[in-house]
Amino acid sequence: MIKALMLVTSISLGDVETVLPNMEDCLNARQSIIEQQADAKVLCVPYSQEQTKSDEMRDMFSAFMEMIIQL
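A few points on the structure. This structure is a prediction, so every number in the text was calculated from the model and none was measured.

## Examining the overall build of the chain
Part 1: Scanning the chain for helices and strands turns up two helices and three strands.
Part 2: Here the chain has a C-alpha radius of gyration of 15 Å; the compact-globule value for 71 residues is 11 Å, and the former is much larger.
Part 3: Dimensions of the chain along its principal axes, counting C-alpha atoms only, are 45 × 30 × 10 Å.
Part 4: The burial tally for the chain puts 17% of its 71 residues in the buried class.
Part 5: The contacts of the chain with a sequence gap of at least 6 include a subset with a gap of at least 24, amounting to 43%.
Part 6: As displayed, the chain has an accessible area near 5,600 Å², and 60% of this comes from carbon and sulfur atoms.
Part 7: Of note, the chain has its 5 positive side-chain charges centred 4 Å away from the centre of its 11 negative side-chain charges.

Shown next as structure tokens:
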């Protein structure tokens, strides 16, 4: 089963990325968001493990930057 990445762009929310277990769940969530905010841009794309590696790196650097800020 292929996971799906949902990208939401809105003026009030900024950019939001969410990983969902499958494309069907992503499309259902997409419809719910559009019903709540018609001007939101919502895109569902397949999500692979390669993206997970870059997410891990981003998380690691975010934690490092938080440590630097606290110091």
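## What to know about the sheet that holds strand 3 (residues 41–47)
Part 1: Pairing within the open sheet is antiparallel, and its three strands lie in the order 2-1-3. One side of each edge strand has no neighbouring strand; the edge strands of this open sheet are strand 2 (14–20) and strand 3. Within the sheet, the average angular offset between the axes of one strand and its neighbour, ignoring direction, is 20°.
Part 2: Of the pairings in the sheet, the one linking strand 1 (residues 3–10) to strand 2 comprises seven bridges and is antiparallel in character. Looking across to strand 2, one finds that T9 is bridged to D15.
Part 3: Running at roughly 170° to strand 3, helix 1 (residues 23–36) makes contact with strand 1, strand 2 and strand 3 of the sheet.

About the criteria used
Residues numbered from 1 in each chain as written. Predicted model: local features only at pLDDT ≥ 70, side-chain atom pairs only at ≥ 80, totals over all residues. Heavy atoms only, no water. Helix = DSSP H or I, 4+ residues; strand = E, 2+ residues; numbered from the N terminus. Rg over C-alpha atoms; globule rule 2.2 N^0.38 Å. Buried < 20%, exposed > 50% of the residue type's maximum accessible area, 1.4 Å probe, protein only. Contact = heavy atoms within 4.5 Å. Areas by Shrake-Rupley, 256 points an atom, 1.4 Å probe, with all protein chains shown as cover. Lys, Arg positive; Asp, Glu negative; His and termini not counted. Charge placed at Lys NZ, Arg CZ, Asp CG, Glu CD. Pairing = 2+ DSSP bridges. Axes fitted to C-alpha atoms, helices over the stretch in contact; angles between N-to-C directions.

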